[in-house]
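# Architecture at a glance
The lines below spell out each chain.
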Amino acid sequence: MSYSKIKALLGSTDFDRAVTVKGWVRSRRGGKPVWFIEINDGSTIRNIQAVADPAQFSEELIAQITTGSCIGVEGMLVASQGKGQSMEIQAKTITVYGTADATTYPLQKKGHSLEFLREIAHLRPRTNTFGAVFRMRHHMSYAIHKFFNDRGFFNLHTPIITGSDAEGAGEMFRVTTLDLKNPLRKEDGSIDFSQDFFGKETNLTVSGQLEGELGALALGLIYTFGPTFRAENSNTPRHLAEFWMIEPEMAFYDVNDNMDLAEEMLKYLVQYALDNCADDLKFLNDMYDKELIARLQSVVSKPFTRITYTQGIEILTETMLSKKKKFEYKPEWGADLQKEHENYLVEHFGGPVMVTGYPKKIKAFYMKLNDDNETVRGMDILFPWIGEIIGGSQREDDYEKLLARVKEMNIHEESVWWYLETRKFGSCPHSGFGLGFERLLLFVTGMTNIRDVIPFPRAPKNAEF
Ligand code: 4AD
Ligand code: MG
């Protein structure tokens, strides 16, 4: 198969040669003296223009070349005399692969709202906006693998079906083959999961971390990059029921090493976007958010602020008392930071903020307990616009302390026996974190709704396509 990608053609100055392009028609205009056809093949946000002499093509054929139709054009690539493009293709043959009825094709030249485009997720990749977003999604995914590979990390594939609740939040989707209308029951009337496919209760994973730790305690440095599932009923622009998470786990790293790596990674990824997605970023910057590129540049240019949870609460309390800002939720030591608190801290410091030393009772069982017995070595990274983009911690590596936390938090010991056992055999200090891939994408694309940075969003009452 020989055809050129439009991106490659637009990047060349090798004119007066025969080329073939294949793609989707963005527009057709002109008429008597000449037809102009704008074609996009997804390789770049930019289109290439084909010019067609009406004397050479039948009216029937031209009539089929409408917005949304799929065509191939073979012809001569020439420098263009016209304004607005540096080159064009003088069409010799045109093949129509698929017509698109102009009266029913939903994507018209005028702009559509992002809400409307969500309802046609099967066609929205054909718009400039979603082409840009999904190309950037690819580049960020590649950059993540490159970042870790270059630093000696191994990509570990952790299971999607598990029997444990890593985060202990109980927000899981059940996996079962039992007959829901008539499940087998035990004598006491409860469902007999020993008869289920895996012989036990299973669910879709909320995180690959626990298995990731097993990898780190053998391979040293690992990362996972996979889908995770949360049945939390939060209908917000920052939550999905199915999202992708990157979870590195590092043997011999303490919480400070963990923060250093997270900061280095985030800056690397943002810089990668600036360096490799210039056309798409410029489009998104012009179209949606004039501050986007400046915001990205600002994040890579200065160190992230590091504070403790206690310092954070102090700043918020002072702010509240001095009436500089009203909070809906009173900042209180021991309570989780609310979105408004996170936003304020980011604003206050004028950039990303890393928070450590959270009260143990608001964090997961696996975080390493500090000597005060009250706080844990958790670390969250708060980002402008996004709020929490990363959550992580140094892990509890002491068997007795970990077991005590499992019991305190009513976690089924038998579902995590294998995790506990790693603290009996060659345990070591180790740390890791989870980056929400779609939250990163919100930041780098400037999109404001998380459903617009994943091709097929899964959210409450939403699993079409
Ligand atoms: O803070 P979380 O719950 O941490 C963990 O799952 C740890 N096991 C990570 C680790 O230490 N290995 O989630 C990590 C990140 C959040 O900071 C957020 O960016 C993203 O995952 N996230 C979500 N993204 C989209 N939709 C949701 N419902 C999300 N929940 C968490
Ligand atoms: Mg978190």
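Residue positions are given per chain, counted from 1 along the sequence in the order it is written. Throughout, the order in which chains and ligands are written sets their labels, letters from A for the former and numbers from 1 for the latter. For a predicted model such as this one, the threshold for reporting local features is a pLDDT of at least 70, and the threshold for listing and counting side-chain atom pairs is 80 or more; totals across whole chains, interfaces and linings nevertheless cover every residue. The basis for every side-chain value is the complete set of heavy atoms in the structure, and neither hydrogens nor water enter the calculation.

## Re the overall build of the protein
Tallying secondary structure elements over the protein gives 13 helices and 16 strands in all. Along the three orthogonal principal directions, the C-alpha set of the protein runs to about 85 × 60 × 45 Å. Contacts were defined at the residue level, with two residues in contact if any of their heavy atoms lie within 4.5 Å. Within the protein, counting contacts between residues at least 6 apart in sequence, those at least 24 apart form 68% of the total. Surface accessibility follows the Shrake-Rupley procedure with a 1.4 Å probe radius. Residue values consider only the protein chains on display as shielding. Here the protein has roughly 22,600 Å² of accessible surface; of this, 52% comes from carbon and sulfur atoms. Under the DSSP-based scheme used, a helix requires at least four consecutive residues in state H or I and a strand at least two consecutive residues in state E, with every element numbered from the N terminus.

## Quick look at unusual backbone geometry
Of note in the backbone geometry, Asp16 takes a positive phi value of approximately 60° without being a glycine. A positive phi angle is found at Asn373, which is not glycine, with a value near 65°. Summarising the element assignment, Asn373 is placed in the loop between strand E13 (353-359) and strand E14 (375-383).

## Observations regarding the sheet that holds strand E7 (residues 161-162)
The strand order E7-E9-E8 describes an open sheet built from three strands, whose pairing is antiparallel. Single-partner strands in this sheet number two, and they are E7 and strand E8 (174-175). Strands pair, by our definition, only if DSSP identifies at least two bridges between them. The pairing of E7 with strand E9 (residues 202-204) spans two bridges and is antiparallel. Paired with Ile161 across the bridge in E9 is Leu204.

## Digging into the pattern of salt bridges
By definition, a salt bridge exists where a carboxyl oxygen of Asp or Glu is found within 4 Å of a side-chain nitrogen of Lys or Arg. Tallied over the full model, the rule gives 23 salt bridges. For Lys363, the salt bridge identified is with Asp380, shortest N-O distance 3.0 Å. With Lys363 in the loop between E13 and E14 and Asp380 in strand E14, this pair connects stretches of sequence that are 17 residues apart. Like Asp380, Lys363 is buried. Exposed residues in this analysis have more than 50% of their type's maximum accessible area, buried residues have under 20%, and partly exposed residues fall in between, with area computed by a 1.4 Å probe over protein chains only.

## A word on the pairing of strand E10 (residues 221-229)
With respect to burial, E10 is a largely interior element, eight of its nine residues being buried. The pairing of strand E6 (residues 154-155) with E10 spans two bridges and is classified as parallel. Across the sheet, residue Asn155 finds its bridge partner in E10, namely Tyr223.

## Overview of the nonpolar core
The biggest cluster of nonpolar side chains holds 64 residues, and the ones touching the most others in it are Leu266, Ile390, Leu440 and Val444. Among the elements that take part in this core, helix H6 (residues 255-276) stands out by supplying 11 residues, more than any other. Ignoring sequence-local partners within four residues, the contact set of Ile390 consists of Ala262, Met265, Leu266, Met379, Asp380, Ile381, Phe433, Gly434 and Leu435. Buried Ala, Val, Leu, Ile, Met, Phe, Trp, Tyr and Cys residues form a nonpolar core when they are joined through side-chain atoms within 4.5 Å. With 30 residues, the next largest nonpolar core counts Ala166, Phe327, Val346 and Val353 among its residues.

## Comments concerning the site of ligand 1
By convention in this text, a residue qualifies as near a molecule or strand provided that one of its non-hydrogen atoms is within 4 Å of it. Taken together, 24 residues form the shell around ligand 1, and within it Glu167, Gln209, Arg230, Glu247 and Glu388 come nearest. Ser207 is positioned with one of its side-chain polar atoms (N or O) 3.0 Å from a nitrogen atom of ligand 1. Within the side chain of Arg395, an N or O atom sits 2.9 Å from an oxygen atom of ligand 1. Its free accessible area being 630 Å², ligand 1 has 93% of it covered by the protein chains. Among the elements of the structure, strand E11 (242-251), strand E15 (387-394) and strand E16 (430-436) are those that each provide at least two residues to the shell around ligand 1. The dominant element in the shell around ligand 1, judged by the number of residues it contributes, is E15, at five residues. The residue classification treats Ala, Val, Leu, Ile, Met, Phe, Trp, Tyr, Cys and Pro as nonpolar and Asp, Glu, Lys and Arg as charged. All others, Gly included, are polar. Within the shell around ligand 1, the residues separate by chemical class into eight nonpolar, eight polar and eight charged. Within 3.5 Å is the distance limit for a polar contact, defined as a pair of N or O atoms, with the added protein rule that one can donate a hydrogen and the other accept it, and that residues adjacent in sequence qualify only through two side-chain atoms.

## Brief notes about the packing of helix H4 (residues 128-150) against helix H7 (residues 278-287)
Interaxial distance between H4 and H7 falls to 9 Å at its minimum, and their mutual angle equals 135°. On the basis of their axis angle, the class for H4 and H7 is oblique. The two elements H4 and H7 cross, and the hand of that crossing is left-handed. Facing H4, whose interface residues are Asn128, Thr129, Ala132, Val133, Arg135 and Met136, H7 presents Asp280, Leu281, Phe283 and Leu284. Tallied by class, residues from the contact of H4 with H7 come to six nonpolar, two polar and two charged. To obtain each axis, a line is fitted to C-alpha atoms, and for helices this fit is confined to the stretch in contact; angles are then taken between N-to-C directions over 0 to 180 degrees. Note on terminology: angles under 35 degrees are roughly parallel, angles over 145 are roughly antiparallel, angles of 65 to 115 are roughly perpendicular, and the others are oblique. We call a crossing left-handed when the near helix sits turned anticlockwise from the far one by less than a right angle, and right-handed when that turn is clockwise.

## Quick notes on the packing of aromatic side chains
Think of it this way: a Phe, Tyr or Trp ring, Trp meaning its six-membered ring, pairs with another when their centres are within 6.5 Å, and the plane angle makes it stacked under 30 degrees, edge-to-face over 60, tilted otherwise. Within this structure, the stated rule accounts for 18 aromatic pairs. Where Phe197 meets Phe198, the ring centres are 4.8 Å apart and the plane angle is 70°; that geometry is what we call edge-to-face. Given the relative accessible area of 61%, Phe197 is considered exposed. Take Phe198: its relative accessible area is 40%, and that puts it in the partly exposed class. Members of the aromatic cluster, each reached through a chain of ring pairs, are Tyr142, Phe147, Phe148, Phe153, Tyr223, Tyr268 and Tyr272. The cationic tip of Arg151 hangs over the ring face of Tyr268; the distance from NZ or CZ to the ring centre is 5.4 Å. When the ring centre of Tyr358 is taken as origin, the NZ or CZ atom of Lys363, which lies over that ring, is 4.2 Å away. Charge-over-ring placement is defined geometrically: NZ (Lys) or CZ (Arg) within 6 Å of the ring centre, and within 35 degrees of the ring normal.

## Considering helix H5 (residues 209-219)
Among the residues of H5, those classed as buried are Gln209, Leu210, Glu211, Gly212, Glu213, Gly215 and Ala216. Along its buried surface, H5 packs onto E7, E10, E11, helix H12 (417-421) and E16. Trailing H5 by a residue or two, Gly220 shows a phi angle of about 90°, which is positive.

## Some remarks on the packing of helix H9 (residues 309-321) against helix H10 (residues 339-349)
For the pair H9 and H10, interaxial distance at closest approach is 11 Å and the crossing angle is 90°. Classified by the interaxial angle, the pair formed by H9 and H10 is roughly perpendicular. Contacts from Gly312, Ile315, Leu316 and Thr319 in H9 reach His341, Tyr344, Leu345, His348 and Phe349 in H10. Split by residue class, the contact of H9 with H10 holds five nonpolar, four polar and no charged.

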